[in-house]
Amino acid sequence: MAITLKVNGVAHSLDLDPATPLLYALSDDLALNGPKFGCGLGQCGACTVTVNGRATRSCITTVKSVEGQEIMTLEGIGTAAKPHPLQQAFIDEGAAQCGFCLNGVIMTAKAFLDQNPKASETEIQRAMSGVLCRCFTNVRMLRAIQRAGRVLAERSAR
Amino acid sequence: MSQASSRRDFFKASGALIVSFSLRNLPELRAQGGPVQGAPPMNQLDSWIAIAADGAVTAYSGKEELGQGISVAQAQLVAEELCVPFEKVKLIYCDTALTPDQAYTSGSQSHPANFNHANLAQAAATAREALLKLASQRLSLPVTQLSVKDGAVFPMGSPSRKIGYGALLGGQRFQLALDPNAKRKTAADWTVLGTPVPRPDLPALVNGQFEFVHNVRLPGMLHGRVVRPPAVGATVIGVDESSVRDIPGLIKVVVRKNFVGVVAQKPWQAIQAAAKLKIDWNAGSGLPAHADFYEHMRADKQTRDTFMTDSKDTDQKLAQAAAVLKATYKHPYQMHGSMGSSCAVADVQGDRATIYSPTQGVWYQRNTSAMLLGLKPENVHVIFRRGSGCYGLNGADTVTYDAALLSQAVGKPVRVQLTRKDEMAWENYGNAYLIDLRAAVDSQGNLVAWEHESWSPSLGNRPGAGTPGNVVTGFLAGFQPDAFTPRSPAPSPAGFNNNSNATPSYLAARVNGTVRGAGKVESGRVLVHNLRSPFWTGPLRSPARLQNTFAHESFMDEIAAHVKADPVEYRLRNLSHARLIAVVEAAAKAARWEARPSPARASNRSGIARGRGIACVAYEGENGYSAMVAEVEVNRDSGAIAVKRMVVAADCGPISNPDGLRNQIEGGALQGMSRALGEEVTWDGEKVTSVDWRTYHSLPLGFDIPKIECVLLNRPEEEADGAGELSITVAAAAIGNAVFDATGSRLRQIPFTPERVKQALAAALA
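Residues numbered from 1 in each chain as written. Chains lettered and ligands numbered in written order. Predicted model: local features only at pLDDT ≥ 70, side-chain atom pairs only at ≥ 80, totals over all residues.

Undergrad: Quick question: what am I supposed to make of the overall build of chain B here?
TA: The helix and strand inventory of chain B stands at 21 helices and 26 strands. The C-alpha atoms of chain B give a radius of gyration of 27 Å, which matches the 27 Å a tight globule of 766 residues would have. Projected onto its principal axes, the C-alpha coordinates of chain B cover approximately 80 × 75 × 50 Å. In chain B, which comprises 766 residues, the proportion classed as buried is 57%. (Helix = DSSP H or I, 4+ residues; strand = E, 2+ residues; numbered from the N terminus. Rg over C-alpha atoms; globule rule 2.2 N^0.38 Å. Buried ≥ 20, exposed ≤ 12 C-beta atoms within 10 Å, placed from the backbone.)

Here it is in structure tokens:
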């Protein structure tokens, strides 16, 4: 059936089984590289997108349940020319190894920092406790999120 | 003669290009079947470097980027030796249509293989000298009066008369052999190599533009899903294709012996078809009880036995000793547990195949896929695309076979990504180990003899050049894994090789009149029993070396404690290898190590206990050196270990990219910590039960991470050594030793779960 998904500000009408997990619509029908299949169980975070600003695991979220809502993927938060502060911070900190988890890490951090621009180191750590990086780039990634947090806090203070 | 200088002399004497690789890792390479025919010749410059008429430089490498940062370092190497700006170098790696066959990207071999006196480094140096000669002819000036910079040659002092590389070569090939005498730049002259050049893949990774193998989309591509057996050893009786007839978009049910899969138009359709497909399976072969598995290993008499070293006097030394110490260490099967389950895309049409694979060995994958598909190897084109970090033999090879088989069955491109469960239940696990150690100490507290006897099960391995049955898909489709031939008793060791770190660093292994170990203890015996594993096994980051080092470095701590010596001082007293000594001293110094015996002091029976521990390794005996000081807090009530600080000293020879090296050390330290504290493959009577992130316990991104400090010992005068497995190898022992220091309780079984910690604390009190 026709399902309308609003992704990164653009509405797409797709012919989908309403039970299809959102992840497959994004990565297959819309050919987006950001959201990734890690576990299909909502345990690792690799598939994370934001839905109306909330971090959402797209591998266990049906397309029907998010129809018409504002879905944002990693592609939607910034570009090479105009990166989001989080994206820039990850580049500046060299915070990647294989990079497979980055989508989930950055999107989870974005949703959190948007709600908590003045989060402490401990609060950030706690917010990232449901996300995996099996290369264990933890040191740099948490540092990058803190760096981006400072930038975002300054912006919100202006 | 030290090991390093003997190796260098060998390189100088041999001048052979492939030798540098095979010498470093002879047993592993032999097991893999050796290099495959058909690749661009290793001794030809054009196999490695191409310069276009516009001066653009393309370098070809057989060592791939898995996330470890080797691609940026390789591009730096080419830029440095060829004297071109870093941005002008395009690096292409691991494509059977284009790149040399450098076997696997594995075993900490990329830095040694491509940064020493052969292969990519020597190719770039050969190219620079060839271009200088061309310019010499063109300018009618001797090479000694020429300068080279930014991809152009000019008379010294006259940069305006420069001739670009593109113009010199005119878009032609070099048609030269690699020159073993082409002069490498000395590290003192480096401007690109040795600097922290950022990884060029970062912007695409953070913007979602990077193409992983998971993102390869071919025109007309279909989606496959495999159905693995419900139990280890279960076989197919029958498949009821009518059970999925109503699934929209279903293209085909594919059965080949015990391999079962489905192909559909869309991923969700394939998932539903795989879930619904009715298959009758025979019962599995049954599994030994998880709780008794170490006893099961010890009781196995069908073993293949190998002496790694034997001074043949350990019985006598142990009998004469003032004290004999004994301990048994246990290491479970652990998994690679890649973040993304493995994925591949194959397009098999008639007698030809194009395969996008995250495999660590494209040429081996080409040959074994050809076997599986019944095609000629030269008609199979394997292109590496990065997968999720693999840390060794994860599901990359097996899922490539899955995609190839399904694509062949439908004659269209097929993408397959494994489920989380299929990734975790059927991958080639890192080996379990049971290690018995005995040491003799004299009346002055000197360590005089060391015995090691270990048991480790294995089944399968990397597929190599001809064994697709070494991973689950090949086996299900009808191929056999490497044969297992019991052998007992073990023959006397013919030579010394510490590739698996089975021989403790403290032994002076004496073979054929030369001392090859890293230590001073003359009396030693190392006996290894290999046995058949019920599960698939294969290399997992620091294979065997991590398990052996955990046991040896923990036991060394036990010996030091027994003789009431400081653990650092006692190690140094028994080591002879200068580079290993240097990393131990550097780590201790950076950590402000307080010299005293462990445990710290009689502490309270509850609350938080603090301690520090050290561990060190000469990785593979001579492929990088590291030492770690770990500081921990042990909660005596909950049994929880909090690692507060890790100080790692590392020496991998000349440092090619210090930021990349730090990244590897930091990641390795934390991955080693996760493996030490939580990771263990579990099973019931018939199947693996650690099949997701609730049942296999990895540390998450946001935990209370320790402060990690790296001390990088740059050794520009030495050979380039491996870097990616240095810190992970020493993490478990450093943590366990710190727990002993804090509590006086010894942890001898990984993982160090709170329950095990509490048991050890209770045992110490009893």
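Moving on from the model shown.
Undergrad: Please explain the interface of chain B and chain A as it appears in this structure.
TA: By a widespread convention, an interface's size corresponds to the accessible area lost as its parts come together. Each side of the interface is counted separately: chain B has 49 residues, and chain A has 56 residues. When residues of the side of chain B that touches chain A are traced back to their parent elements, those giving at least two are α8 (202-207), α9 (267-276) and α19 (658-677) of chain B. Across the side of chain B that touches chain A, the residue classes break down as 18 nonpolar, 21 polar and 10 charged. (Contact = placed C-beta atoms within 7 Å. Nonpolar A, V, L, I, M, F, W, Y, C, P; charged D, E, K, R; others polar.)

Undergrad: Please clarify how the sheet that holds strand β19 (residues 447-458) of chain B should be interpreted in this entry.
TA: One key point about sheets: their strands pair by backbone hydrogen bonds, in either a parallel or an antiparallel sense. Residues and elements named next belong to chain B. With respect to topology, 5 strands assemble into an open sheet ordered β12-β22-β19-β18-β13, the strand pairing being mixed. Across the chains shown, the open sheet's two edge strands, defined by having one partner strand only, are β12 (304-310) and β13 (323-331). Looking at each pair of strands side by side, their axes are set apart by 10° on average, direction ignored. (Pairing = 2+ DSSP bridges. Axes fitted to C-alpha atoms, helices over the stretch in contact; angles between N-to-C directions.)

Undergrad: Would you mind showing me how to read the sheet that holds strand β1 (residues 49-51) of chain B here?
TA: Residue and element names in this part refer to chain B. Spatial strand order, β1-β2-β3: 3 strands in an open sheet with mixed pairing. Edge positions in the sheet fall to β1 and β3 (89-93), since each has one partner strand and no second. On average, each strand axis in the sheet is tilted by 20° relative to the strand beside it, whichever way the strands run. With 5 bridges joining them, strand β2 (residues 57-61) and β3 adopt parallel strand pairing.

Undergrad: Would you take a moment to explain the nonpolar core for this structure?
TA: Nonpolar side chains in soluble globular proteins tend to be buried together. Residue and element names in this part refer to chain B. Core analysis: the largest hydrophobic core is formed by 267 residues, its most contacted members being Ala587, Met628, Ala734 and Ile735. By residue number, the principal contributor to this core is helix α20 (residues 726-743), which donates 12 residues. Setting aside its immediate chain neighbours within four residues, Met628 contacts Ala587, Ile614, Ala615, Met646, Val647, Val648, Ala669, Ser727, Val730, Ala731 and Ala734. One finds Met308, Val526, Val528 and Ala544 within the second-largest nonpolar core, a separate group that totals 5 residues. (Core = buried A, V, L, I, M, F, W, Y, C linked by C-beta atoms within 7 Å.)

Undergrad: Mind showing me how you'd approach α20 of chain B here?
TA: Helical geometry note: an α-helix holds 3.6 residues per turn, so side chains three or four residues apart project in the same direction. Residues and elements named next belong to chain B. Here α20 contains 18 residues, and its C-alpha end-to-end distance of 27 Å stays within 8% of the 26 Å for a straight helix at 1.5 Å per residue. Counting buried positions along α20 gives 18 out of 18 residues, so the element sits mostly inside the fold. Positive phi shows up at Gly744, right after α20, with a value of about 80°. (Expected span 1.5 Å × (residues − 1).)

Undergrad: What is the right way to read the domain arrangement of chain B from this model?
TA: All names here are of chain B. Under the domain assignment, chain B is made up of domain 1 (1-202), domain 2 (220-283 + 336-426) and domain 3 (306-315 + 431-765). Using only C-alpha atoms to locate each centre, domain 2 and domain 3 end up separated by 36 Å. Between domain 2 and domain 3, the residue contacts involve 28 residues of the former and 28 residues of the latter. Elements represented by at least two residues in the side of domain 2 that touches domain 3 include exactly α12 (362-373), α13 (396-410) and α14 (420-426). Partitioning the side of domain 2 that touches domain 3 into residue classes produces 14 nonpolar, 8 polar and 6 charged. (Domains from an automatic or database assignment.)

Undergrad: Quick question: what am I supposed to make of unusual backbone geometry here?
TA: Note: most peptide bonds trans; most residues except glycine with negative phi. In the segment running from Ser598 of chain B into Pro599 of chain B, the intervening peptide bond is cis, with an omega of 0°. The residue Pro599 of chain B is located in the loop between α18 (578-590) and β23 (608-618) in this model. With omega at 0°, the peptide bond leading from Ile750 of chain B into Pro751 of chain B counts as cis. Summarising the element assignment, Pro751 of chain B is placed in the loop between α20 and α21 (754-765). A positive phi angle is found at Phe136 of chain A, which is not glycine, with a value near 60°.

Undergrad: Just checking my understanding: could you explain the pairing of strand β8 (residues 236-240) of chain B for this structure?
TA: Look at any regular strand and the pattern is simple: side chains alternate between the two faces of the sheet. All names here are of chain B. Counting buried positions over the 5 residues of β8 gives 0, only a small fraction of the element. Pairing geometry for β8 and strand β11 (residues 278-281), over 4 bridges, is antiparallel. Bridging across to β11, Val236 finds its partner in Trp281.

Undergrad: Looking at this structure, how should I read the pairing of strand β17 (residues 414-417) of chain B?
TA: Residues and elements named next belong to chain B. Taking every second residue as pointing to the same face, both faces of β17 are buried, with Val414 and Val416 on one and Arg415 and Gln417 on the other. In this sheet, β17 lies alongside strand β7 (residues 222-226) in parallel orientation, the contact comprising 3 bridges. Bridged to Gly224 within β17 is Val416. Relative to β17, strand β14 (residues 343-349) is paired through 4 bridges, and the arrangement is antiparallel. Residue pairing across strands places Ala344 opposite Val416, the latter belonging to β17.

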